[in-house]
Amino acid sequence: MKTFSLRPKDIDRKWYVVDADGQILGRFASQIANRLRGKYKPEFSPHMDNGDFIVVVNCEKIRVTGKKLLEKEYYRHSGWVGGLKEISLGEMLARHPKRVIMHAVKGMLPRNKLGRAILKKLKIYVGPNHPHAAQKPQPLVLPYHKGA
């Protein structure tokens, strides 16, 4: 019996749409990262990008537990002396809700070229509408969904 090795022509990518309304940020991001990477597929190869495309809608309605809205901070640095900027999760959700989910999912992917390529398959939108109707995305219900 030969060992199966995934080739680019064997990859079958699907499009899924996920509603972030009422989802808890960390659990939601980990499940999205798992789907983007393709780890749930039996032909998963760690060196290949064989995951699916994920379209996230209603990203502004994501939930967090505890006092994270006030206490969780996001940092960035301009490169200049004294250039450290910080913003709380509550402010980030109000100003740039897409970045909250993008940042959470990015932290769960590999830190290399493969991780950056995988992240490009994540599409996040504010509100219930998205421009990917031509790809016919299927609705995806995640295991830790608010209804489960």
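Structural data are supplied above this passage.
Notes on the structure follow. Keep in mind the model is a prediction, meaning the values are calculated, not measured.

## Concerning the sheet that holds strand E5 (residues 122-124)
Point 1. The strand order across the open sheet formed by four strands is E5-E2-E1-E6, and the pairing between neighbours is parallel. Two strands lie at the open edges of the sheet, namely E5 and strand E6 (138-139), each paired on one side alone.
Point 2. Across five bridges, strand E1 (residues 15-19) lies against strand E2 (residues 53-57) in parallel orientation. Residue Tyr16 lies in a different strand from E2, and its bridge partner there is Ile54.
Point 3. Each of E2 and E5 is contacted by helix H4 (residues 97-106), which is oriented at about 160° to E5, the strand it contacts most.

## So, the nonpolar core
Point 1. Counting 30 residues, the largest nonpolar core has Phe28, Ile32, Ile54, Val56, Ile101, Val105 and Leu122 as its most contacted members.
Point 2. In terms of residue count, helix H1 (residues 25-37) provides more of this core than any other element does, six residues in total.
Point 3. Those residues in contact with Ile32 that sit more than four places away from it in its chain are Val18, Ile54, Val105, Leu122 and Leu142.
Point 4. Among the nonpolar cores identified, the runner-up in size contains six residues, and Trp15, Val55, Val57 and Tyr125 belong to it.

## Considering the pairing of E2
Point 1. Here E2 lies mainly inside the structure; five of its five residues are buried.
Point 2. Here E2 shows no split at all, with Phe53, Val55 and Val57 on one side and Ile54 and Val56 on the other all buried.
Point 3. Taken together, E1, H1 and E2 constitute a β-α-β crossover, and its handedness is right-handed.
Point 4. As defined by bridge partners, E2 adjoins E5 across three bridges and the pair is classed as parallel. When the bridges of E5 are listed, Ile54 appears paired with Leu122.

## Focus: H1
Point 1. Taking 1.5 Å per residue, 13 residues should reach 18 Å; H1 reaches 18 Å between its end C-alpha atoms and fits that length.
Point 2. Where H1 is concerned, the buried positions are Leu25, Phe28, Ala29, Gln31, Ile32, Ala33, Leu36 and Arg37.
Point 3. At its buried positions, H1 is contacted by E1, E2, strand E3 (73-77), H4, helix H5 (113-119) and E5.
Point 4. In the segment just after H1, Gly38 is the residue with positive phi, at about 90°.

What counts as what
Residues numbered from 1 in each chain as written. Predicted model: local features only at pLDDT ≥ 70, side-chain atom pairs only at ≥ 80, totals over all residues. Heavy atoms only, no water. Pairing = 2+ DSSP bridges. Helix = DSSP H or I, 4+ residues; strand = E, 2+ residues; numbered from the N terminus. Contact = heavy atoms within 4.5 Å. Axes fitted to C-alpha atoms, helices over the stretch in contact; angles between N-to-C directions. Core = buried A, V, L, I, M, F, W, Y, C linked by side-chain atoms within 4.5 Å. Buried < 20%, exposed > 50% of the residue type's maximum accessible area, 1.4 Å probe, protein only. Right-handed = clockwise from strand over helix to strand, strands pointing away. Expected span 1.5 Å × (residues − 1).

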